[in-house]
Amino acid sequence: MPPGFSSSDFYYLMPELVITAGALLVLALDVLLPRAWERVLSWVTVAVILGAGLALVPSAGQNLTIARDLVAIDGFATFFKVLFLVAAALTVLMSPRYLTLENVHPGEYYFLVLCATLGMMFMAGGVDLITLFIGLETMAVSFYVLTGIIRPNKRSNEAAIKYFVLGAFSLGLLLYGMSILYGLTGSTHLRVIATSLVAGDGGLLLPFAVMLLVAGIGFKIAAVPFHMWAPDVYEGAPTPITAFLSVGSKAASFAMLLRIFVAGLPAFRADGLGTAWGQPFGWGAFFYVLAVVTMTVGNLAALTQGNIKRLLAYSSIAHAGYILIGIVAGSTRGVSAALVYLMIYAFMQLGAFAVVVMLRRKDIIGDELKDLTGLYATHPGAAIAMLVFMLSLGGIPPTAGFMGKFWVFGAAIDAGYVWLAVIGVLNSAVSLYYYIRIVVFMWISEEEEKSAAFGISPAVATVLAVTLAMTVLLGIYPRLLFDFAQASAASLGSVPSLGLR
Amino acid sequence: MFESILFYTLAAFILGFGVLVVTARNTVHCVVFLVANFLCVAMIYVMLGAEFLAIIQVLVYAGGIVVLYLFVVMLVNLKRGPDAAPDRRRQSRVGFVLAAVMLAEISAILVYSAARPASAVAAAAATPLQTVGNTEVVGMLLYTDYLIPFEVASMLLLVAMIGAILLAKKEI
Amino acid sequence: MPAWLPPPAVLAHLGLILVVFNMLVLSAAFMVWMERKVCAYIQDRNGPNRVGFEGVLQPFADVIKLLFKEELRPKAADALLFAIAPVISAAAAFAAFAVIPFGTSTTLWGLLDQPIPLQVTDVNVAVLVIFAITSMGIYGIVLAGWSSNSKYSLLGGLRSSAQMISYELSYGLALAAVIMLAGSLSLREIVLNQAGTWWGFIPRWYVFLQPIGFLIFMTAGVAETNRAPFDFPEAEQELVAGYHTEYSSMSFAMFFLAEYVNMVTVSAVATSLFLGGWLGPFLPDWLAWVWFLVKVFLILFFYVWMRWTLPRYRYDQLMEFGWKYLLPVAVLNLLATAALILWIG
């Protein structure tokens, strides 16, 4: 036992340890097992993720920090860890057949997926800038490699290079912002930063640091104007990885954003950073602008896309905008709305991508809108599932997506941001157009286009079933998630109510 | 007095070399200037009494990583940079505007922070620096307080290594 | 003493620096002579025997000859880097010696109030300093290779960078094992930790605790100094003269000097880390540096001996040996050392 650590530290770190050990196990099995047994690896990976989920049980209801005060075990971290594990498990389940088709070697693929998950877990649990940054970096590097893992594919290579170059640059900005925070307070611990900074500290240095942090994290959550990479990367990456990227990476970055801003700089939400046009403003104002621009640009750009993955990329940009509304609202209710939205978004987005994964056949890439033609005729089940996901993404009632939007906009109105909510509602109206467009393509049937029916692998079917069930269930009985999110958000620390209206 | 002269000289060198890294036409020259930049940064660390960090900066960055850069640059042997984008005019204009904004921001920061001395800054500056045996201090911190990030960093390096092999090797 | 002179301690220190610098230059000259003589005897010849007694002044004659040669620079060479490269090489070679202690302290027969240690400077991260400066020396070779704009030079430069980076890892790990035993990064403390004997006759040198580490260190040291059998950067049969093909006159001499000074430095480090530095029986404290010289000389002789006995490896064999054998052994050695320290306490 290292000095200063006790067995309880490792007890609560068990999920991370299981994931790490599992990742190494997958890597070792990849070498030891004969090639014909490759398929076993996906099941091992799923088992590892389930094991990590079991190891997460003791963390439920805890509120403490471990590992010398660097990692928090609180409701907030647990909420996100559940989300990451679910997303990772569903991603792994939709992968095997896709990997065979793309001729990707599975060993390293699953290893990297697990490592990305590990990084995310530290991004959710870290309460120290160093832990957060190392977690982010681990996740980011895993995703750079995963994006380019289809080596003969030029699109995949291009996406990886773009993601890597821009990602490294944005990490630089983020690190610069963190270093200024450290310079101002002499500590990297968020609690110390929160207590030692008072309004006016460091003159314009603090707003500058906040700007850099917003830019750095804005890149990771693909908020406009830092979204340029997203469509290309989402299009080029292997489809299951696109799904994981748009759900896991985004959620983890939001977790980090909430930690840094809500737990680290709580005093500067509504004012304290300076004044503009006679109004004091804080970081809430940055996110206000970001939310409006992100929603609008994301939805307008999605209207004209012909490629499903690009379309879903822009749609995911728009969703980041909706989630930002919850953060602007800021109160415990706002944060919990963001959490609820992230969880619901995870299920519907993963479901939609599972359908795209399914469309990948021998010789057919299957990510163009026209590849959906006649899907209802050949695979009514998948088409209906896709219909539900699209309605949910668009925010149509009995689905979960509606509940998410309802909660977010409600929080905004509650906090006095009526205009923000109005812009959000208008935007979701716009978004319906392109979601319905996808549905229309599925119901058109062109006889000559109708290729021979292709099978749905049982694993992908499982993913579709789980995501469909959750999307419907959370739409009908959302209280389940609301309570969980409410408790989690409360553990992030009470948030003062807002000034800027 | 002597220290501030040294500091500003070093800072000028760091900035100068930094600018040269970006502006030099020849990639090998860029890399050499980068090394010079790192060495000056290492000297700043020495001034701060962090000699362990200084040596690691020289050893790992200047002596290890940049040699690999040089290796790659020499193998690729770019005689001149790739042709600039066709809309170079526009790019340079945008760049100019951004640079101007950045300059304005930085000068504003300098002016304002001089006018409003910050309590926290003073507090941070007042914390005594560990001057003796900081190798031991760094070692103790890494393996006790920061054990978890340290271990995660090792996973990060493993990921990076496997990723590099995966993406670059001809046959796996 | 006149008042405008700095205090005697400072003067003594400056004198020390001068002495060390000149001793290094002299030892390089001596090494050149020794190399040629030993080589000659190994090959059953006489070697240089015209200039001075048995040719001892031959190196000086060579240097004078080189100084009067014309300085040539290929037309397509990169002027700045071509000029800087030999300077980097030589400067790095000399700088590394600054932290090596070669004796106890001295008051210069009572001239000084405070004794000064026989060492240019004692920093508490000395081992890492040597390591860092050595790694900077690579630039001299790589840049020389590139800036000459000649294929032989470029190949030599590339080979050297690949080789030095590969062997630096094993070199560092071998050092780390000793550092763990000594519990210090200061060379003076590491040497002092080796004082005393086991059972009255075996000196407590780390070579007996770290035999594998010593072998790794010596092997990697040969590669670091680009000596045969690892002299790929200048493999005559394939690359004419490798990275310094295009150099002439004094710039060539600087590379030559750097190579031999590097050898002296590596031997001195090996002496300090594994062979107890200046510690030895019989001699009084103020003559302890003689032991240091003797040990360094023996290692240098070993290097020369090896060069003229072993053929050069093939390049791929060198890489394979470095990464697949030397590095794992070094890691295992480090782990075993750590485990033993924990176990014995």
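What counts and what doesn't
Residues numbered from 1 in each chain as written. Chains lettered and ligands numbered in written order. Predicted model: local features only at pLDDT ≥ 70, side-chain atom pairs only at ≥ 80, totals over all residues. Helix = DSSP H or I, 4+ residues; strand = E, 2+ residues; numbered from the N terminus. Buried ≥ 20, exposed ≤ 12 C-beta atoms within 10 Å, placed from the backbone. Contact = placed C-beta atoms within 7 Å. Rg over C-alpha atoms; globule rule 2.2 N^0.38 Å. Nonpolar A, V, L, I, M, F, W, Y, C, P; charged D, E, K, R; others polar. pLDDT = per-residue confidence, 0-100. Core = buried A, V, L, I, M, F, W, Y, C linked by C-beta atoms within 7 Å. Axes fitted to C-alpha atoms, helices over the stretch in contact; angles between N-to-C directions. Parallel < 35°, antiparallel > 145°, perpendicular 65-115°, else oblique. Left-handed = near helix turned anticlockwise from the far one by under 90°. Expected span 1.5 Å × (residues − 1). Arc of directions from axis to C-beta. Domains from an automatic or database assignment. Bend = angle between axes of the 7 residues up to and from the residue.

Attention now moves to the overall build of chain B. Scanning chain B for helices and strands turns up seven helices and zero strands. Each helix and strand of chain B, placed in order from N terminus to C terminus, yields the pattern α-α-α-α-α-α-α. When burial is assessed residue by residue, chain B has 20% of its 172 residues classed as buried. Residue pairs at least 24 apart in sequence account for 53% of intrachain contacts in chain B once pairs closer than 6 positions are excluded.

Our next topic: the overall build of chain A. Broken down by element type, chain A carries 21 helices and four strands. Taking 23 Å as the expected radius of gyration for a compact globule of 501 residues, we find that chain A reaches 22 Å, a close match to that expectation. The dimensions of chain A, computed from C-alpha atoms along their principal axes, are 70 × 55 × 40 Å. Across the 501 residues of chain A, 61% fall into the buried class.

Here the focus is the interface of chain B and chain C. Of the residues lining the interface, 17 residues belong to chain B; the matching set on chain C comes to 21 residues. Those elements that place two or more of their residues in the side of chain B that touches chain C are helix H2 (27-47) and helix H3 (51-76) of chain B. In terms of residues, the side of chain B that touches chain C owes the most to one element, H3(B), which gives 12 residues. For the side of chain B that touches chain C, a count of residues per class yields 12 nonpolar, four polar and one charged.

All names here are of chain A. Position of glycine 306 relative to the elements: it lies in the loop between helix H13 (283-302) and helix H14 (308-329). You can call glycine 306 exposed: it has 10 C-beta atoms within 10 Å. Glycine 306 sits 62 residues away from glutamate 368 along the chain, and the two C-alpha atoms are 6.1 Å apart.

This part covers the confidence of the model for chain A. Detailed conclusions should not be drawn from predicted coordinates in areas where pLDDT is low. All names here are of chain A. Of the residues in chain A, 94% have a pLDDT of 70 or more, and the chain-wide mean is 87. Across chain A, helix H7 (residues 129-147) holds the top mean pLDDT of 94, while strand E3 (residues 274-276) sits lowest at 72. Of the regions scoring below 50 in pLDDT, residues 494-501 engages in 24 contacts with residues more than four places distant in sequence or in other chains.

Residues A:Tyr341, A:Leu342 and A:Ala346 are the most contacted members of the largest nonpolar core, which totals 210 residues. The greatest single-element share of this core, amounting to 21 residues, is contributed by helix H15 (residues 332-359) of chain A. Each residue touching A:Ala346, except ones within four places of it in the same chain, is listed here: A:Leu83, A:Val86, A:Ala87, A:Val247 and A:Ala251. B:Ala62, C:Phe82, C:Val127 and C:Ala174 belong to the second-largest nonpolar core, a separate cluster that totals 111 residues.

Let us now look at the packing of helix H1 (residues 8-42) of chain C against helix H11 (residues 289-307) of chain C. All names here are of chain C. One way to put it is that H1 packs onto H11 with a least axis distance of 10 Å and a crossing angle of 45°. Between H1 and H11, the interaxial angle falls into the category oblique. Here H1 runs over H11; the crossing is right-handed. Along the contact surface, H1 presents Met31, Met34, Glu35 and Val38, while H11 presents Leu300, Val304 and Trp305.

The structure contains two pairs of chains in contact, of which chains A and B account for the largest number of contacts. If you take every C-alpha in chain A and every C-alpha in chain C, the smallest gap between them is 13 Å, and the two do not touch.

Turning our attention to the confidence of the model for chain B. Residue and element names in this part refer to chain B. For chain B, the average pLDDT comes to 78, and 78% of its residues sit at 70 or higher. At the low end of the mean pLDDT range in chain B sits helix H5 (residues 119-126), at 48; at the high end sits helix H7 (residues 147-168), at 92. Across residues 119-131, where pLDDT falls below 50, the model places 21 contacts with residues more than four positions away in sequence or in other chains. Reported confidence for the predicted complex is 0.90 by ipTM and 0.87 by pTM.

Another aspect to go through is helix H21 (residues 479-491) of chain A. Residue and element names in this part refer to chain A. The end-to-end C-alpha separation of H21 is 18 Å, in line with the 18 Å expected for 13 residues at 1.5 Å each. Within H21, the full set of buried residues consists of Leu481, Ala485, Ser488, Ala489 and Ser491. Seen along its axis, H21 keeps its buried residues to an arc of 150°; they face one direction. Turned more than 90 degrees away from the buried face of H21, the exposed residues are Arg479 and Asp483. Turning to H21, the residues buried within the fold contact helix H4 (75-93), H15 and helix H20 (458-476).

A few words now on the packing of H14(A) against helix H19 (residues 418-443) of chain A. Residue and element names in this part refer to chain A. Where H14 meets H19, the closest approach of the two axes is 11 Å, and the angle between their N-to-C directions is 165°. Classed by the angle they form, the pair H14 and H19 counts as roughly antiparallel. For the pair H14 and H19, the sense of crossing is left-handed. For the pair H14 and H19, the contacting residues are Leu311, Ser315, Ala318, Tyr322, Ile325 and Val328 in the first and Leu420, Gly424, Asn427, Ser431 and Tyr434 in the second. Residue classes in the contact of H14 with H19 are distributed as seven nonpolar, four polar and no charged.

The next subject is the domain arrangement of chain B. In many reports, interface size means the accessible area that the parts give up when they come together. Residue and element names in this part refer to chain B. Looking at chain B, the domain boundaries give domain 1 (1-82), domain 2 (84-118) and domain 3 (130-172). Measuring from the centre of the C-alpha atoms in domain 1 to the corresponding centre in domain 3 gives 22 Å. With four residues of domain 1 at the contact, the number on the domain 3 side is four residues. Of the residues that constitute the side of domain 1 that touches domain 3, the class distribution is two nonpolar, one polar and one charged.

All names here are of chain A. Residue proline 225 is reached from valine 224 by a cis peptide bond, and omega for that bond is 5°. Structurally, proline 225 can be placed in the loop between helix H10 (205-220) and helix H11 (229-236). The phi dihedral of asparagine 103 falls on the positive side, at around 60°, and the residue is not glycine. Structurally, asparagine 103 is set in the loop between helix H5 (96-102) and helix H6 (106-125).

As a further point, take helix H3 (residues 79-96) of chain C. Between its first and last C-alpha atoms H3(C) spans 27 Å; for 18 residues at 1.5 Å apiece the expected length is 26 Å, and the two agree. A maximum bend of about 25° is found in H3(C) at C:Ala85, where proline C:Pro86 lies one to four positions downstream.

With respect to the helices and strands, C:Leu335 occurs in helix H12 (residues 315-344). Remark: the alpha-carbon pair of C:Leu335 and C:Ala177, spanning 158 residues in sequence, is separated by 8.5 Å.

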